[in-house]
Amino acid sequence: MSDWTRKTAAELADALAAGETTSVEITQAHLDRIAAVDGAVHAFLHVDAEGALAQAAESDARRAAGTLLSVLDGVPIAVKDVLATNGLPTTCGSKILEGWVPPYDATVVRRLREAGLPILGKTNMDEFAMGSSTEHSAYGATHNPWDLDRIPGGSGGGSAAAVAAFEAPLALGTDTGGSIRQPGAVTGTVGHKPTYGGVSRYGLVALANSLDQVGPVTRTVLDSALLHEVIGGHDPLDSTSIDQPLPPLVDAAKQGADGDLTGVRIGVITELAGDGWQPGVMTRFQESVDLMVAAGAEVVEVSCPSFVHALATYYLILPAEASSNLAKFDAMRYGLRVWPEEGASAEEVMRATRDAGFGDEVKRRIILGTYALSSGYYDAYYGQAQKVRTLIARDFEAAFEKADVLVSPTAPTTAFKLGEKLDDPIAMYLNDLATIPANLAGVPGISVPSGLADEDGLPAGVQILAPALADDRCYRVGAALEAALLKQWGAPLLDKAPALEGPSA
Amino acid sequence: MSDTLIAFDDVLASYDPAMGLEVHVELNTLTKMFCGCPTEFGAAPNTQVCPTCLGLPGAMPVVNRKAVESAIRIGLALNCDIAEWCRFARKNYFYPDMPKNFQTSQYDEPICFDGYMDVDVDGETFRVEIERAHMEEDTGKSLHVGGATGRIHGADHSLVDYNRAGIPLIEIVTKPILGTGAKAPEVARAYVAQLRDLIVALDVSDARMDQGSIRADVNLSLSPKGSGVLGTRTETKNVNSLRSVERAVRYEMSRHAAVLGSGQKILQETRHWHEDTGVTTSGREKSDAEDYRYFPEPDLVPVAPSREWVEELRGTLPENPTARRARLQAEWGFSDLEMRDTVGAGALNVIEQTIAAGTSPQAARKWWLGELARRANEQGLLVDALPVTPADVARVQALVDEGSLNDKLARQVFDGLFAGEGTPDEVVAARGLAIVSDEGALSTAVDNAIAANPDVADKIRDGKVAAAGALIGAVMKEMRGQADAGRVRELILEKLQ
Amino acid sequence: MPEITRDEVAHLANLARIDLSDAELDHLAPQLSVILESVASISGVAGDDVPPTSHALPLTNVFREDVVVPGLTPEQALSGAPEVEEQRFSVPRILGEEA
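Quantities reported herein were computed from a predicted structural model and do not represent experimental measurements. (Residues numbered from 1 in each chain as written. Chains lettered and ligands numbered in written order. Predicted model: local features only at pLDDT ≥ 70, side-chain atom pairs only at ≥ 80, totals over all residues. Heavy atoms only, no water.)

Remarks on the interface of chain A and chain C
Facing 62 residues of chain A, the contacting portion of chain C comprises 56 residues. Buried area between chain A and chain C, summed over both chains or domains, comes out near 5000 Å², and the portion from carbon and sulfur atoms is 66%. Three residues, A:R351, A:I367 and A:K387, lead the burial of chain A against chain C; their summed loss comes to 13% of the area buried on that side. Across the contact surface, chain A and chain C share 3 salt bridges. Linking chain A with chain C are 18 residue pairs in polar contact (both at pLDDT 80 or more), by the criterion used here. Put simply, the parts of the chain that give the side of chain A that touches chain C at least two residues each are α10 (310–325), α11 (346–357), α12 (360–373), α13 (379–402) and α14 (425–429) of chain A. Taken together, the residues of the side of chain A that touches chain C sort by class into 32 nonpolar, 16 polar and 14 charged. (Contact = heavy atoms within 4.5 Å. Buried area = accessible area lost by both parts, 1.4 Å probe. Salt bridge = Lys/Arg side-chain N within 4 Å of Asp/Glu carboxyl O. Polar contact = N/O pair within 3.5 Å; in protein donor to acceptor, adjacent residues only side chain to side chain. Helix = DSSP H or I, 4+ residues; strand = E, 2+ residues; numbered from the N terminus. Nonpolar A, V, L, I, M, F, W, Y, C, P; charged D, E, K, R; others polar.)

This is the structure:
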């Protein structure tokens, strides 16, 4: 019997189409895997076995009736807990939303349902997506399947770990400053942050509205493209959604898999290398660049001088928007309500609830954002940050004059130890150095595994960035690199990950 | 605790008032500002809500095109410039009836700015300059439970209904209104009244002050007479009738003067108007801690009305009510007093329609401001709510003009119309009210009257024509009023001279 | 160099309606100073001639038509409420002004 959990989503779709298996069988296999390993990994905050199996049975019925909803009909998926799911708890990794069950679906979740993908459950994350390690989850950290003592990246460590640990073939993530790509890099998986406005944000509990995007978290580039085509495209409920058809993403991934990059200009960003970058990560990155050259690509060096200000810009814009977004968690309409004393006023209940319900990192960023927006500081901080965004966007424009895609290591280091940076916010923030510029400019980016760093044997990733609306370039180049690496390795990188056998396996 | 007040005339001896008016207009769009929920007044609690207007995590706003159009039309009617590009902004503050704990509003980029309205008070015109008109959303409504009065103070807890949350509002803000002196209260009232008329003419709001669809906040400060230095202002909220606007300004002027006169300072604060007692009470003190942390709403994109769109909307504007009044007064030849009475009685539209149906302006005015205004007053109605249409009045006057009715008979026709007896012609027929123009019957009646009053007849023969009145009365009595008194007089004089 | 004092943090926490304990204030204030010091590096980076970017892609005039769409039932609307009374959200007593 095949182990369905080891297959890619594309392979599962083919097996379903060939009648080799059923959605119920595949879904059950993943639920069994979750039961076996999630005690150690803790990728999930909520598993909906009953719902997933019911949806799988419906998919099988559709297949029998010849009324399939999509190519991925019947392939199960995990959803980051920051996306509203009608009837399923949605906590955003926060105590303040413990037990909240939304009465509506996020648009991307609705599209999953409309495409027939059974939803396995909700994945762990840093509280309100604030973090790069998933340690800021109020429900406990997620562990990296490559080394359970290490972080799986963040904020979407749950989705990346679920996919890396074969608990789900597909997952949804969200990326505000790297929360899809950086966990992808440190868990040896693939993650794509679409062009801002390319995927609906309706139902995504906003961290920083002008930076957030929903995207696919998978084990292969093709799987990401398949999922992206399910969730992407215009949504009238999101005013910032782009009213244009998606470029052909799956076609681009298939084209890239042929391995030919002739005529493609690859720009290496000068500013995203140097001190503080782990040598093993840089070695794997250089190898990847060399493989792309071998596939026919031309390499150019590009400079993006304003990128040095990206981190500071990000840590002004994000807390400012977040401080306002999180004001709604006030104990009045939903979520936690804490009474400091009997007969307390609404205002006192709000203060006590927000103190008890938010974790340290959330409080830090709310205070910082409140400061940045305060009268007297707005121009110096938030206003200035919005201007620096323009400079960063101009750097991208100039770079894309010279290159079709830009590349860099996704994250400066491999996965660090749990707890190592927990109380050093600045050190934690530096993880997102390479991923943040894309969010500030709204351009798409994919992270593809580049191999294992020599010094620690842990996965590293390459990030491929493209101009806005040209997500297809990420998929084409990403698939080409993936194919070249696979040829070199002889087997998927994740085959080298240690086996995770839980007590019930 | 009641405030010390200073007599109004004494206030003016020492101070110049400066006013600012902020009027919130609730639009009559079918749906809310940022979501497709209905806006009907009076629905059961929390039945007109969705994730967006409830502020549920993840929900997002989308702007109602009709609300933007209404905002632009209001701006154009107030002679404002319309922004070529503007954004929504978040106004951040915590309050339980505000679902997101920020209000989506506009900050330094209002859609309409720099306008004016000319306000008439007793024939004098004051130009009220408009600073801005911007779009925003309303809050939910709280019901306070457990207090003695149903008021917020002393309440045990509150119950919130979010049906109203997200209903589109246009906030219209004036620049400081200076130089109105003793007329400040009347100018404030007239401004709000004219603004309401404009809103009604634009058909962008129900414009019901009693239901809160127009709400006024009154800012007031006093400066020492002639100094030109603006004093500390107070903002009086909850002023929800035209009369209250006038009274609140008068009250705050007197209160400010008393405070200043005693050597104390005016506290910059929000005050609440109490309709029942006619006083303001202290609300929240405006402190430096009040910091709304405005920033552009990142979930919405800018509104950039094309000039074509703006001109298209300009083409839909009704005539400005003030200009319309001036035009009609000239066309009708009404005196200032007649025109003021007409407007005051709310009879402008019905008179215009009656004239359009062929009646002379003076006749139309005579009926609507005389007989019909009297009946409306008796019934506590406005003239346009009476069961008589301008077409009815025009027909009655036409019958008078052609000699079929006299004024006394016409009043009886109105009795019939009020009693629901049909059209004027049907009432005339059913009640037999037409003037008798049968010369034979009339001649007989005149002969009878002469025979019955020989001494009166002699006086007339002697040239005392004034005595004819007694004979006319006798003839009319015999004819039961259905005769043309002029013709009766002619016949009497023919027979006796 | 921007320095954020303990009092300032207390004031900001008050604006943000978070009831920080003394221990939390002691812990957060120095951290915020460090963060602020590092983000303050962008002051002066962009000149007055640089326009701000608030959206990654310059969209304008995104509207919906004034047409009613079905929302939530009152049961759904109130499903997450900590307390419900008379089909309304029951909230603790509200201090301050008349609404």
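Back to the write-up after that little detour.
Focus: the sheet that holds strand β3 (residues 88–92) of chain C
Read across the open sheet, the 4 strands follow the order β8(B)-β9(B)-β3(C)-β2(C); overall the sheet is antiparallel. Since the sheet does not close on itself, it has two edges, and those belong to β8 (141–145) of chain B together with β2 (84–85) of chain C, each with one partner. For β8(B) and strand β9 (residues 157–161) of chain B, the ladder comprises 5 bridges, and the chain directions are antiparallel. Across the sheet, residue B:L143 finds its bridge partner in β9(B), namely B:L159. (Pairing = 2+ DSSP bridges.)

Description of the UniProt feature "active site" (unreviewed entry) in chain A
Residues and elements named next belong to chain A. Under the feature "active site" (unreviewed entry), the UniProt entry names K80, S155 and S179. The greatest C-alpha distance among the residues just named is 10.9 Å, despite their covering 100 residues of sequence, which places them together in space. Among all residues touching S155, those that are not within four sequence positions of it are K80, N124, M125, D126, A129, M130, G131, S132, T134 and S179. Within the fold, S179 resides in the loop between β4 (170–175) and α6 (181–187). On the basis of relative accessible area, S179 is assigned to the buried category, the value being 8%. Look past the residues within four positions of S179 in its chain and what remains in contact with it is K80, A129, G131, G154, S155, G156 and T174. Of the polar contacts made by the side chain of S179, one reaches the side chain of S155; its length is 2.8 Å. (UniProt positions renumbered as here; feature names shortened; annotations may be inferred. Buried < 20%, exposed > 50% of the residue type's maximum accessible area, 1.4 Å probe, protein only.)

Some points on the pairing of strand β6 (residues 112–121) of chain B
All names here are of chain B. One ladder, built from 2 bridges, connects strand β3 (residues 81–82) with β6; its direction is antiparallel. Note on β6: the bridge partner recorded for I82 is C112. Pairing analysis gives 9 bridges linking β6 to strand β7 (residues 124–137), with the strands arranged antiparallel. Within the sheet, the bridge partner assigned to Y116 lies in β7 and is E129. In sequence, β6 turns back onto β7 through a hairpin of 2 residues, with D122 there showing a positive phi of about 50°.

Considering the UniProt feature "domain: Amidase" (unreviewed entry) in chain A
When the UniProt feature table is mapped onto this chain, "domain: Amidase" (unreviewed entry) is found at residues 25–474 of chain A. Note that residues 25–474 of chain A is 39% helix and 13% strand, and that its end C-alpha atoms are spaced 33 Å apart.

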